[in-house]
Amino acid sequence: MSLDFDVVVIGAGFGGMYMLHRLRLKGFKVQVFETGKGVGGTWYWNRYPGARCDVESVQYSYQFSPELQQEWEWTERYATQPEILRYANHVADRFDLRRDIKFETRVTKATFDEGAHAWTVETDKGDRVTARFVVTALGCLSSPNTPRIPGLADFKGPTYHTGNWPHEGVDFTGKTVGVIGTGSSAIQSIPMIARQASHVTVFQRTANYTVPAHNKPLDPDHVREVKANYPAMRKRAKATPPGIDFKINMASAMATPEAERQREFQERWDYGGLGFMASFSDLLLNDESNKTAAEFVHAKIREVVKDPELADRLSPRNVIGCKRLCVDTGYWATFNQPHVALVDVSDQPIERITAEGLRANGKDYTFDCLVLATGFDAMTGALLRIDIRGRDGRSLEEKWTEGPKTYLGLTMAGFPNLFTITGPGSPSVLTNMLPSIEQHVEWIADCIEYVRSRGATLIEASRDAEEAWVGHVGEAAGATLRSSCSSWYIGANIPGKPRVFMPYIGGFPAYIERCEAVVKNGYEGFSLSF
Ligand code: NA7
């Protein structure tokens, strides 16, 4: 049977774009399908005001092409969404990617044909194509979570979701705005919305920890130095658990004298960004150590927020770093403004959305516009939106009823020739996504090439290898404080979703080592068919 393509790639964000490029270099015939009108994935959809990456721009970028790395000029320490999207478009142009991407086309179904050792992929535009392999490049945070609050359709003003923001932007000037959510998207957008709106009411279910970004234009001398030493910086980054080049203090917070501990926290606070969690090595291992960091942040909130009662309500109570740490610019200070109000909805869920606003805690709140900063059905949502059927017509949904099961976050038993870039069970969202994506893309491309070189037509992970990996992912998660709260890492934000810690927490270096060992041992845990 002659197939239409060697590989179908689903998604043209950073994962899908590089996958296409890498496979082309190896001579494979590839078709990419992308729902959006353009490339960029997450950065195509998340256009809310203030949207930025929380990893520094010189690190949140591809490293596969030294030329690309040298020619692209980042302008700020943390790149804005428009700048990252420009970068994605630059990459698409530079490597002539668009000719193999079909835009505005959503993949609806992928079915494995056991006789042909091939997948049939169907789209909402009527495509039905066959390919030996399918690679999903769907992103981890790409299926927006619209909360099931009664009456959502009753609201008569406009409703915006941060994860699917209007491309033409939104002018809130003179408007009253209600914002549901206080995660990263809310923490980035609320200060910006408050600059325009006449009144903002923020509905907070769980207060979140955030550290200042201290964003600034990039100093050209600094950029020159980074560019001159890029390979060394990338190497250092790869050797850290999150794949980010920052200094990890290997000392224990509890074993460090109080004054020195405060100095370390303060230094990192003044520097800004996610490196705060690397102040000590045991912040996510030991409750007492964690409390020292949490209390440091609580004190900062009290310093900034003038009303002590409000400061208290803005102070998170859970383990710091359990939910993903946020990085902000002026978030708490925004609440000092008289036109910004915080409503606690932690005790009782929002009762309902009304025509004029919403009802919570027995009280009616009115506003002109509603912003849902309510996050995503993370890691599995985008995959399960596609009807993926492996051996015996078994769906991915059936396979994952108790939570995602993968081998290395890359493949699944019962779903041969299917690969997931940054799938559940891989470090993904616990790391700098770009290096994680590159590592996956390169591993997958090499694997597909290996299958071809052996004259095989099918590769599949064994159930034993998958079970062992799932067990290891669970054990690693259980050893930290990260699974101790209701986060999207464990699916707790989606009613009915199985509670399983989805990303692999063992760190980027250990994970790379494992992936490389699998290859070295002749694709250990996989079988080939001809
Ligand atoms: P998050 O971090 O999942 O935040 C979503 C927020 O919305 C969070 O505060 C939720 O409260 C809140 N939420 C969700 N549903 C409701 C309902 N029904 N009622 C009240 N509040 C609700 O998503 P983001 O988009 O901010 O960030 C996602 C990631 O993108 C982030 O971690 C960075 O990696 C980038 P909860 O905490 O669940 O109580």
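Residues numbered from 1 in each chain as written. Predicted model: local features only at pLDDT ≥ 70, side-chain atom pairs only at ≥ 80, totals over all residues. Heavy atoms only, no water.

All right, on to the site of the ligand then. In the vicinity of the ligand, 18 residues are found, and the nearest of them are Ser185, Arg205, Thr206, Lys323 and Arg324. Here an oxygen atom of the ligand sits 2.4 Å away from a polar atom, N or O, in the side chain of Thr206. Side-chain polar atom of Arg324 to an oxygen atom of the ligand: 2.9 Å apart, as the coordinates give it. If the ligand stood free it would expose 780 Å²; the protein chains cover 87% of that surface. Residue composition of the shell around the ligand, grouped by class: seven nonpolar, eight polar and three charged. (Near = heavy atom within 4 Å. Polar contact = N/O pair within 3.5 Å; in protein donor to acceptor, adjacent residues only side chain to side chain. Areas by Shrake-Rupley, 256 points an atom, 1.4 Å probe, with all protein chains shown as cover. Nonpolar A, V, L, I, M, F, W, Y, C, P; charged D, E, K, R; others polar.)

In space, the three strands of this open sheet follow the order 13-14-15, with antiparallel pairing throughout. In this open sheet, the two edge strands, each paired with only one partner strand, are strand 13 (352-353) and strand 15 (363-366). Across four bridges, the pairing between strand 14 (residues 357-360) and strand 15 is antiparallel. Note on strand 15: the bridge partner recorded for Leu358 is Tyr365. (Pairing = 2+ DSSP bridges. Helix = DSSP H or I, 4+ residues; strand = E, 2+ residues; numbered from the N terminus.)

Attention now goes to empty space enclosed by the protein. As enumerated under the stated definition, the model contains three cavities of 30 Å³ or more in all. Put simply, the largest cavity is a space of about 60 Å³. Residue lining of the largest cavity: Val58, Ser61, Tyr62, Leu68, Gln69, Trp72, Trp74, Tyr87, Val223, Lys227 and Tyr230, and that is the complete set. Secondary structure elements with two or more residues in the lining of the largest cavity: helix 3 (66-71) and helix 6 (220-228). A breakdown of the residues in the lining of the largest cavity according to their chemical character gives eight nonpolar, two polar and one charged. In this structure, the second largest cavity encloses a volume near 50 Å³. Every residue along the wall of the second largest cavity is listed here: Thr136, Leu138, Gly139, Cys140, Met379, Leu383, Ile421, Thr422, Gly423 and Pro424. Looking at side-chain class alone, the lining of the second largest cavity contains six nonpolar, four polar and no charged residues. (1 Å grid on protein atoms, 1.4 Å probe; cavity = no way out; pocket = protein on both sides within 12 Å on 5 of 7 lines; lining within 4 Å. Points joined across faces, edges and corners; volume = space filled by probe spheres on them.)

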